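# Commentary on secondary and tertiary structure
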Amino acid sequence: MMRISPPRPGLYVLVALLAFLPLLSPAQDSAGDLRPAPYQVAWQDLEFGVIIHFSTNTFLDREWGDGTASPSTFNPTSFDPEQWMKAIRDSGARYVVLVAKHHDGFCLWPTEQTDYNIKASPWKDGKGDVVGDVARAARKYGLKFGVYLSPWDRHDPRYKDNAAYDRYYNSELEELASRYGELVEFWLDGAGSAGHVYDFKKIIETLRTYQPNSVVFADTGLFEYGDARWVGTEAGSVDYENWNVIDRHGYRRWRPIEADTPLRKLHWFWHPNDEASLKSLPELLDIYDKTVGRGAQLMLGLAPDRRGLLPESDVARLEEFGAALRKRAANNLALQSANGVGSDRTAALDGNPDTFWSAPPGSRHATLEVNFNHPVTFDHALTMEWLNDGQHIEKYAIEVWKPSQQKWEAVTQGQAIGHKKIDVFPSVTTTRVRLNILSSTAEAHIREFQLYDWSKTSP
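To keep things clear, this report deals only with the structure shown in the data block. (Residues numbered from 1 in each chain as written. Predicted model: local features only at pLDDT ≥ 70, side-chain atom pairs only at ≥ 80, totals over all residues. Heavy atoms only, no water.)

It is worth spelling out the overall build of the chain at this point. In terms of helices and strands, the chain carries eight helices and 17 strands. Its C-alpha atoms give the chain principal-axis dimensions of about 75 × 50 × 35 Å. Across the 459 residues in the chain, those meeting the buried criterion constitute 60%. Accessible area for the chain stands at about 17,600 Å²; split by element, carbon and sulfur atoms hold 51% of it. Side chains of the chain give 50 positive and 61 negative charges; the mean places of these two sets differ by 2 Å. (Helix = DSSP H or I, 4+ residues; strand = E, 2+ residues; numbered from the N terminus. Buried < 20%, exposed > 50% of the residue type's maximum accessible area, 1.4 Å probe, protein only. Areas by Shrake-Rupley, 256 points an atom, 1.4 Å probe, with all protein chains shown as cover. Lys, Arg positive; Asp, Glu negative; His and termini not counted. Charge placed at Lys NZ, Arg CZ, Asp CG, Glu CD.)

Moving on, we get to the environment of Gly-236. By the element assignment, Gly-236 lies in the loop between β7 (229-230) and β8 (245-248). Under the relative-accessibility criterion, Gly-236 is labelled buried at 2%. Considering only alpha carbons, one finds Gly-236 and Tyr-168, 68 residues apart in sequence, at a separation of 34 Å. With residues near it in sequence (within four places) discarded, Gly-236 still touches Asp-260, Thr-261, Ile-287, Lys-290 and Thr-291. (Contact = heavy atoms within 4.5 Å.)

Attention now goes to the pattern of salt bridges. Evaluated as defined, the whole model comprises 29 salt bridges. Salt bridges here are not isolated pairs; linked through shared partners, they connect Lys-86, Arg-89, Asp-90 and Glu-319. (Salt bridge = Lys/Arg side-chain N within 4 Å of Asp/Glu carboxyl O.)

Glancing now at the packing of helix α7 (residues 281-291) against helix α8 (residues 312-329). Interhelical geometry of α7 versus α8 gives an angle of 55° and a closest axis separation of 10 Å. Classified by the interaxial angle, the pair formed by α7 and α8 is oblique. For the element pair α7 and α8, the recorded crossing hand is right-handed. Contacts between α7 and α8 involve Leu-281, Leu-284, Leu-285, Tyr-288 and Asp-289 on the former and, on the latter, Arg-317, Glu-320, Phe-321, Ala-324, Leu-325 and Arg-328. (Axes fitted to C-alpha atoms, helices over the stretch in contact; angles between N-to-C directions. Parallel < 35°, antiparallel > 145°, perpendicular 65-115°, else oblique. Left-handed = near helix turned anticlockwise from the far one by under 90°.)

Another point: the packing of helix α3 (residues 81-91) against helix α4 (residues 130-140). Axis separation between α3 and α4 bottoms out at 9 Å; the angle between their running directions is 40°. Remark: the crossing between α3 and α4 carries right-handed chirality. Contact residues: Pro-81, Glu-82, Trp-84 and Met-85 in α3; Asp-133, Val-134, Ala-137, Ala-138 and Lys-140 in α4. Along the lines of polarity and charge, the residues of the contact of α3 with α4 split into six nonpolar, no polar and three charged. (Nonpolar A, V, L, I, M, F, W, Y, C, P; charged D, E, K, R; others polar.)

This is the structure we're talking about:
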């Protein structure tokens with residue numbers, strides 16, 4: 001069942017591709033430690049993506065279409081998805097999800113299942129394909145591509161007949177899943193679906209026939225089918241300890257978080273005279289630290305305007321955001337450590353997330369110490385756990401050596417690390433730092449332990 005709530009402005013929870021995995025697969029093994037499937041590992045390494053809303057709503061100053069808009073409404077004058085993708089790439093994002101059909105039922109590809117689609121619009125004399133153009137542009141700029149297909153359809157009369165609509169929906173899904181190359185993610189949306197029963201088993205079968213490695217985003221209502229889950233709000237913040245394994249009615253799965261939030265406050269589609277809603281650079285950095293920095297994916301909502309372009313102010317903000325992220329990552333103090341090449345700690349301090357340090361086999365407690373030849377000052381730590389074998393760390397502290405007191409002192413502590421954890425604390429100066437893994441379910445594996453002084457890079 002899906003999460004059902006009364007409609008409200010903005011995109012509701014987004015549900016990506018429905019995974020059909022055997023109960024004894026690595027991602028679902030309830031008899032032992034749960035591990036991610038390889039495609040989940042690859043997806044979590046992407047960390048930051050965008051979702052794009054562009055349809056008839058764009059031309060009608062709406063967030064929620066009612067299915068009555070004429071296809072003639074859709075007619076961008078300067079459609080250029082490469083302009084979108086350059087800005088998206090420059091922001092640091094690594095994947096793109098396009099809303100191929102929103103709740104109004106209008107399809108942005110030349111589907112054979114309904115006349116309510118791009119072929120009936122005046123744009124390109126009805127010969128255009130927004131999905132295809134966006135997919136090609138994304139890949140040209142090195143970005144992974146996925147799609148969103150709303151199950152709720154306020155236009156198609158078949159929606160009133162569960163069986164007939166399921167056949168229609170699965171036919172649309174088959175087109176998207178078979179025509180546009182690899183889909184990194186596929187989203188469904190539970191908004192507006194009250195009283196409608198979907199055949200999710202059949203949807204899964206349709207999807208997995210063509211896209212076995214797509215990540216499914218689903219809230220806990222679709223627990224059995226999802227590869228990733230919603231954070232619970234659209235604020236862009238993970239406000240709790242983030243564990244990748246979650247249990248619902250006795251069914252445990254590896255379900256990492258994807259946190260969605262629009263670039264413009266409360267708006268997923270473009271609206272005129274809306275400049276005041278654009279989030280500031282400090283707001284975006286705070287969102288990044290509270291999503292990616294808490295082991296989740298960040299999904300940022302973007303909206304092209306009636307020209308078919310991202311507004312210039314959005315482009316500038318995205319480029320500014322990416323530049324700030326790159327600047328922050330440029331001075332990893334751990335790379336300056338006195339830990340020599342060949343040390344067993346080097347793999348966690350080399351700036352390369354493809355290598356990792358392992359605690360002694362069978363250990364439940366371990367420390368990873370970093371030594372410097374001179375005092376260093378820092379106020380942030382970034383830690384990454386190698387998750388291929390599962391999420392093991394349950395409690396940790398980051399500690400600095402106090403020579404005057406001849407003891408270690410914690411500057412921060414927590415429970416989950418997961419894919420990535422960014423800890424912030426008052427600025428401290430020392431020559432010795434350690435990650436103290438106080439408790440783990442098996443030996444810990446650390447991909448990266450990085451130290452930064454971001455007080456010098458604040459916007």
